[in-house]
Structures are given as C-alpha cells and as structure tokens.
Amino acid sequence: MLLSLCIYIIHAFVNEKSLPSQLHTIQQSSTIPLTTTAATEMPSEGGEKPEVGQDQAPAASTKVDWIIKVLRLLAFLLTLDATLVMALNKQTKTFTVATIGTVPLRATLSAKFQHTPAFVFFVVANANAALHNLLMLAVGFAGSKLSFKGLAPLAVPVLDLVNVAIVSGGASAAVFMGQLGRNGNSHARWNKICDKFESFCDRGGAAMISSLVGVLLMIIICAISIIRLRNHYGYNKLALNSSVLP
Amino acid sequence: MLLLRLIALGASVCAIVVMVTSHDSAQVFGMSISAKYSNIPTFKYFVLVNAIASGYTLILLFIPSKNSCGHMILVLDLVVALLLDSSISACVAIGLVGKKGNTHAGWLPICGQVPKFCDHVTGAIAAGFIAAIAYFLVVLYSLHSVMNLFAPRA
C-alpha cells in the first residue's frame, strides 16, 4: 500500500509539470480575484502565509500546503499502524489447570482483540481515519487540477473534525480497557490479564500510543485547515460582523 | 447560543451529580460488595471531564463576549468537546463490560448484583451524551460566528 502511495505521489509530481497554461481554478473567482498569477502552472513562488485582505490567498500558501501534506502522511501512517497492530493482536497460551495423578490438564486460552468491543471500535475507528487521511492526501495532490466549487472546500475540515472526534473516542475507550486489563479491578472482582498475556498487552499498548499521536497530529491538521478556510471565504467580512457571540 | 451553552452546562452538571451519587451495596455469598463510582478510574475521568466542561461554561457565561478572543474560545470549545466525547466513549466501554461481562477474560457482569449502581451510571452516561452533543453544536456555532463560514459569499 505504501508502494502504491509512493507511485501516486511520483505520478502527481510528473503531472504537475505538464499542466495546461490556462488555470481552471479561476472559476471560483467570485471571492478570490486571482489575477496576476494565471500564467504558468501551480504557483510556486512566495511561500508566505496570505495576508489580511489581500487577494492572493490560495496562490501563496504552498508552504502551508506542504506542511499539511506531510502531517497528513504521518497521521495516515500512524493510524494505519495502529489499526494493523491491534488487528493482528493475538496470543495463545496453554495453562496447566489441574493435575490428575501425574498427567497435567492443559487448557488453551487465547486473547484476541475481537473479544473486547472497545478494541473492535478502536480498530474500526482507526481504519476509518486512515482511509480518510489517504483520501484527503489524494485530494490535496489532485486539488490543483480539479476545481472545487461551492461548499466543497468546507467538506475537508468538517470531515477532519468528525474523524478526530471518532478516533479520539476509540482511542480513549481502548486506553481504559487496557488499563482495566493491566490493573484489574478488585472491587468488581475482575482479575488482571496482562500478567499472563504480556505480548498481547504490549502490542495493544503500542497500538494505543501510535493512535494517540495520530490523533494529536490530526488535531493540528484540523486547526490548520480551519484557519485556511478563513482565507477562502472572505476574511474581510469579519470586520462587519461584530458581537455575533451573545 | 446562550441557550446552547446553558443546555450544555445543565447536562454536564447533571452528569456529575448523578455519577457522584451512584453507589450501591449488596451481600453476595456472605461477602459484602459495594460499588461506588470512585472504584472505577473511568468514571472518575468522566466526572473530571464534566467538571472541567461545566466550570469552563460557567466562566464563559460571566465573561462579556468580545470578538477579539473569539478564536481562543473556539479552540477551547473544541478541546472541551473532544474531551467530553472521549469520556463518554470510555464509560460506555466499561459499562458494557460491567453489564455483560467478558467471558474470555473471566470478568463476570456485576449489574446483576448492584442494579441501582448500573442504572445510575446509565443515567449519568446519557446526560454526558447530551452534554457532548450540545458542545458539538456550540463548536459549530462558534465556528460560524468567528470564521463566518456559512455566510453567502459576495
């Protein structure tokens, strides 16, 4: 899957060099009067952040674009890693339950992630977030060629927000279930299982850590995309809308 | 907007009160089992997060709203909404273990022995869920008023 991603990135690079000269993104010029940078392909000069009230908003933000892409790639890798590690988390152990005469009775117990609904939710939520990050990466690379009208640029931060909420819920549920498995709960007579299944617990812990770091990265990405939306939708309106917050 | 914040405040205070007053004891096999919310760290986290949410909303209600700190309020709103969401998710997971047990891990369900505790906890989780939804709507409203996202472009 990583290989296909690398191939897609290289393909996108190659395609960017051979864009036609007229920019189709001028179709959304109702808010963004992009006038002078229309000549060549994706404008790559000037990596400063857009200024207030100026009109080169999407043109001068390629540095921020690349930051977001790198962060998304990292978040994708982390959530994918969390999904895979937890999904392949299995440990089987044979215990000696009793001894009859000289023959020990053995019982084989296995710990799988499917036994616990919290871990199932964790796997599903992280898989969803990995898919979302991959799609947003693809959209980010293809965004220079396609033109997004209307409310479509709004969809990316909103979906980011929703995914952050889902994955944070899954990660916290898994963390508390793991804590219960590690320490047990004497009041409820629930015994700890981590002393018997150490590698299950260790792998689960590693998956939780990578998912939590992925959530952190996704929060940063979400914040950056929401701030960038401001430039898309007309920043100078902010001055007219005073005291909207009651 | 004020109404939304009041609903969120009410719901999170409700959740705290219901969870804190949940305790039950029963006699099983000659042993006395008592269940309190503080025995389970997840419920303590739930109470903590709801306390943070209600304290934050209380402080916000008394600050005169200016547009200059709208961004910081938005960020804090987002953080509190995420915390609420994660706390109810964790409590639901632990509640499922308590209600149905987990035969693979040898964990027996305890709701049969302490039914009042289970009902209280369920009510607290429901109130926390309402608080989380209300905070999500508050975040959307903050986004709209600070970023002016949904206004028509002209």
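Residues numbered from 1 in each chain as written. Chains lettered and ligands numbered in written order. Predicted model: local features only at pLDDT ≥ 70, side-chain atom pairs only at ≥ 80, totals over all residues. Heavy atoms only, no water.

> Just to check I follow, could you spell out the overall build of chain B for this structure?
Helix and strand counts for chain B stand at four helices and two strands. With the model as given, the accessible surface of chain B reaches about 7,300 Å², and the carbon-plus-sulfur share is 74%. (Helix = DSSP H or I, 4+ residues; strand = E, 2+ residues; numbered from the N terminus. Areas by Shrake-Rupley, 256 points an atom, 1.4 Å probe, with all protein chains shown as cover.)

> Before we go on, may I ask you to explain the overall build of chain A in this structure?
Check the secondary structure of chain A and you find five helices and two strands. Across chain A, helices and strands are ordered from the amino to the carboxyl terminus as α-α-β-β-α-α-α. Counting over 246 residues, chain A shows a buried share of 37%. Partitioning the contacts of chain A with sequence separation of at least 6, the portion at a separation of at least 24 is 71%. (Buried < 20%, exposed > 50% of the residue type's maximum accessible area, 1.4 Å probe, protein only. Contact = heavy atoms within 4.5 Å.)

> Help me out: how do you make sense of the side chain of A:His115 in this one?
Here A:His115 is to be found in the loop between strand 2 (103–112) and helix 3 (117–142). Here A:His115 falls in the buried class, since its relative accessible area comes to 19%.

> Whenever I open this one, the packing of helix 2 (residues 62–87) of chain A against helix 3 of chain A confuses me. Can you help?
Pairs of packed helices are described in terms of their axes, by the angle between the two and the distance that separates them. All names here are of chain A. Orientation of helix 2 relative to helix 3, taken along the N-to-C sense of each, is 150 degrees, at an axis distance of 8 Å. Classed by the angle they form, the pair helix 2 and helix 3 counts as roughly antiparallel. The two elements helix 2 and helix 3 cross, and the hand of that crossing is left-handed. Here the residues of the contact of helix 2 with helix 3 sort into 18 nonpolar, six polar and two charged. (Axes fitted to C-alpha atoms, helices over the stretch in contact; angles between N-to-C directions. Parallel < 35°, antiparallel > 145°, perpendicular 65-115°, else oblique. Left-handed = near helix turned anticlockwise from the far one by under 90°. Nonpolar A, V, L, I, M, F, W, Y, C, P; charged D, E, K, R; others polar.)

> Please clarify how the UniProt feature "transmembrane region" (unreviewed entry) in chain B should be interpreted in this entry.
Residue and element names in this part refer to chain B. Feature annotation in UniProt places "transmembrane region" (unreviewed entry) on residues 42–63, 75–98 and 124–143, given in this structure's numbering. Across residues 75–98 one finds 100% helix and 0% strand; the C-alpha atoms that close the span lie 35 Å apart. Secondary structure content for residues 124–143 is 100% helix and 0% strand, and the end C-alpha separation is 28 Å. (UniProt positions renumbered as here; feature names shortened; annotations may be inferred.)

> Help me understand the state of the cysteines, please; the structure alone is not making it clear to me.
Think of a disulfide as a covalent bridge from one cysteine sulfur atom to another cysteine sulfur atom. Residues and elements named next belong to chain A. Under the definition given, this model contains one disulfide over all chains. A disulfide bridge connects Cys 194 with Cys 201, and the sulfur atoms are separated by 1.7 Å. Here Cys 194 and Cys 201 share a disulfide; its torsion about the S-S bond, -95 degrees, makes the bridge left-handed. For the residue pair Cys 194 and Cys 201, the accessibility class agrees, reading buried in each case. (Disulfide = S-S within 2.5 Å.)

> It is not clear to me how the packing of aromatic side chains should be interpreted in this structure. Could you clarify?
Geometrically, a pair of aromatic rings is defined through the distance of the ring centres and the angle of the planes. All names here are of chain A. Here the structure, examined in full by the defined rule, presents four aromatic pairs over all chains. For the pair Phe 119 and Phe 200, a centre-to-centre distance of 6.5 Å together with 65 degrees between the ring planes defines the contact as edge-to-face. One end of the pair, Phe 119, is in helix 3; the other, Phe 200, is in helix 5 (residues 198–232), with 81 residues separating them in the sequence. Its relative accessible area of 7% is what places Phe 119 among the buried residues. (Phe/Tyr/Trp six-rings, centres within 6.5 Å; stacked < 30°, edge-to-face > 60°.)

> How should a nonpolar patch on the surface be read in this particular structure?
Residues A:Phe121, A:Val158, A:Val162, A:Ile166 and B:Phe136 make up a contiguous nonpolar surface patch of about 370 Å² in total accessible area. If one sorts the elements of the nonpolar patch by residue count, helix 4 (residues 152–183) of chain A sits on top with three residues. Look at A:Val162 and you get partly exposed, because its relative accessible area is 33%. (Patch = residues over 30% accessible without salt bridge, like charges linked within 9 Å, V, L, I, M, F, W, Y side chains within 5 Å. Salt bridge = Lys/Arg side-chain N within 4 Å of Asp/Glu carboxyl O.)

> What is the right way to look at the pattern of salt bridges in this model?
Two side chains of opposite charge can pair, provided their charged atoms sit close to one another. All names here are of chain A. With the rule as written, the count across this model stands at three salt bridges over all chains. Between Asp 160 and Arg 72 there is a salt bridge whose closest N-O contact spans 2.9 Å. Of the two residues, Asp 160 is situated in helix 4 and Arg 72 in helix 2; the sequence distance between them amounts to 88 residues. Where Arg 182 meets Asp 202, a salt bridge forms, and the shortest distance between an N and an O atom there is 3.9 Å. Here the residue Arg 182 occupies a position in helix 4, and Asp 202 occupies one in helix 5, the gap between them amounting to 20 residues.

> Hey, could you run me through the confidence of the model for chain B in this one?
The predicted coordinates of low-pLDDT regions are not to be read in fine detail. All names here are of chain B. In this model, chain B carries a mean pLDDT of 78, and residues with pLDDT of at least 70 account for 84%. By mean pLDDT, the top-scoring element of chain B is helix 2 (residues 41–62) (86), and the lowest-scoring one is strand 1 (residues 23–28) (67). Two numbers describe this predicted complex: its pTM, 0.72, and its ipTM, 0.80. (pLDDT = per-residue confidence, 0-100.)

> How should the side chain of B:Ser87 be read in this particular structure?
Here B:Ser87 lies in helix 3 (residues 70–100). Once you skip the residues sitting within four places of it in the chain, B:Ser87 turns out to touch B:Tyr45, B:Phe46 and B:Val49.

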